[in-house]
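Tertiary structure, described
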Amino acid sequence: MLTLGNTNLAANDICAIVLIVGGLFFFFTSTVGLLRFPDLYSRMHATGKGDTLAVLLIISGAIVHHGLNLNSAKLTLIALFVFIANPTATHAIGRAAYRCGIKPWRRKPEPSNSGEPKK
Amino acid sequence: MLLKKLPFTRYLATFFYAMAFWLFLSGHYDVFHITIGILCCIGVSYASTNLLFQYEADKKRHIIALEFILYTFWLIKEIVIANLQVARLVLSPRLKIDPGIIVYKCRHIQGDVPKTVYGNSITLTPGTVTLDIVGDDFYVHALTPAFAAGLQDGEMERRVAHVYHTK
């Protein structure tokens, strides 16, 4: 039991908050990646992975908050669907782009960046 | 294409899966809703049985299901690592990415379902996205050469092969 201002937080509330904040963090990074990355293929990296994990975390946070009942079973099914559908959609977009002949962005060969990149 | 001849028991199995799912989701157990459910499930099982039971496995299905669940836990761990790495790349002031497309030839995996699972797993794990699958060749876009090297290591392929194949 943790007291925060006037509210008392039980252990499962804290767990739910941690999960949902983690989900929001990954949504944030995937959005930033979508804006910052240079081309379609590398943007897919940001959205295809980040959204999947973020949705999983937020749904598990909701399940923890809700307890085990019929609603959380339905939430589990949503998570399962996202888990299958999200990489499939990413693959579909990427394959369409690849077959249309879109060239991936390459880092320009600079003197400072030739050879193996560090770490 | 829809009317590939299948044993009637498969349609029946699909119907019962769909019906169980309907009852689980609806929450209304009166004659009207259950009748609608039965009609919908007949349509669904007619149209999609050949999608559900397409894959002929050489192992028992329940063993595959069990090992697949174990594989999923491993995959979730990998996904968390992947996201932390991508997050670090995204948030670093200079984007230290050097993307490229590599061709990965899979050696242990046969069949549509294992290839789909493997392709989706590649998409979900560190810095790699499956672009196309032609035969045994996976065309994979990698964010950095290090991620590409991690794929060439082939650990994930062995795990997927372990789930679906006896060898």
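Residues numbered from 1 in each chain as written. Chains lettered and ligands numbered in written order. Predicted model: local features only at pLDDT ≥ 70, side-chain atom pairs only at ≥ 80, totals over all residues.

1. A closer look at the overall build of chain B
To be explicit about the condition: Put simply, DSSP H or I for four residues or longer makes a helix, DSSP E for two residues or longer makes a strand, and each gets a number counted from the N terminus. As a reference, a globule follows 2.2 Å times the number of residues to the power 0.38, and the radius of gyration itself is taken over C-alpha atoms. With C-beta atoms placed from the backbone, a residue counts as buried when 20 or more other C-beta atoms lie within 10 Å of its own, as exposed when 12 or fewer do, and as partly exposed for counts between those limits. Here contacts are defined at the residue level, using C-beta atoms placed from the backbone and a cut-off of 7 Å between them.
Along chain B, the regular secondary structure elements total 6 helices and 3 strands. On C-alpha atoms alone, chain B measures out to a radius of gyration of 21 Å, which is more than a quarter above the 15 Å that the 2.2 N^0.38 rule sets for 167 residues. C-alpha extents for chain B along the principal axes are approximately 65 × 35 × 30 Å. Taken across its 167 residues, chain B has 29% of its residues classed as buried. Considering only contacts in chain B between residues 6 or more positions apart, those separated by 24 or more positions represent 65%.

2. Concerning the overall build of chain A
For chain A, the helix and strand inventory stands at 3 helices and 2 strands. Starting at the N terminus and ending at the C terminus, chain A contains elements arranged as β-β-α-α-α. Going through the 119 residues of chain A one by one, you find that 29% of them count as buried. Long-range pairs, those at least 24 residues apart, make up 62% of the contacts in chain A with a sequence separation of at least 6.

3. A few points about the interface of chain A and chain B
The partner chain B presents 30 residues to the 29 residues of chain A that form the contact. Of all the elements in the fold, those that place two or more residues in the side of chain A that touches chain B are helix H1 (11-36), helix H2 (40-66) and helix H3 (70-99) of chain A. Ranked by residue count, the leading element in the side of chain A that touches chain B is H2(A), at 10 residues.

4. What about the domain arrangement of chain B?
By a widespread convention, an interface's size corresponds to the accessible area lost as its parts come together. Heads up, the rule is: Residue ranges for the domains originate in an automatic or database domain assignment.
One can read the domain layout of chain B as domain 1 (8-52) and domain 2 (61-164). Using C-alpha coordinates to define each centre, domain 1 of chain B is positioned 34 Å away from domain 2 of chain B.

5. Some thoughts on the sheet that holds strand S2 (residues 128-134) of chain B
Spelled out, the test is: For two strands to be treated as a pair, DSSP must find no fewer than two bridges joining them. Axes here refer to lines fitted to C-alpha atoms; in helices the fit is confined to the stretch in contact. Angles between the N-to-C directions go from 0 to 180 degrees.
As summarised here, the arrangement of the 3 strands in space is S1-S3-S2 (chain B), forming an open sheet in which the pairing is antiparallel. Each having just a single partner strand, strand S1 (100-105) and S2 of chain B make up the two edges of the open sheet. The average angle at which neighbouring strand axes cross in this sheet is 25°, direction not considered. For S2(B) and strand S3 (residues 137-142) of chain B, the ladder comprises 6 bridges, and the chain directions are antiparallel. Note on S3(B): the bridge partner recorded for Thr128(B) is Ala142(B). Packed onto the sheet, H3(A) meets S2 and S3 of chain B and runs at close to 65° relative to S2(B).

6. Notes on the pairing of S2(B)
Most of S2(B) sits inside the fold, with 5 of its 7 residues counted as buried. Between S2(B) and S3(B), which pair antiparallel one after the other, the connecting turn spans 2 residues, and Gly135(B) there sits at a positive phi close to 60°.

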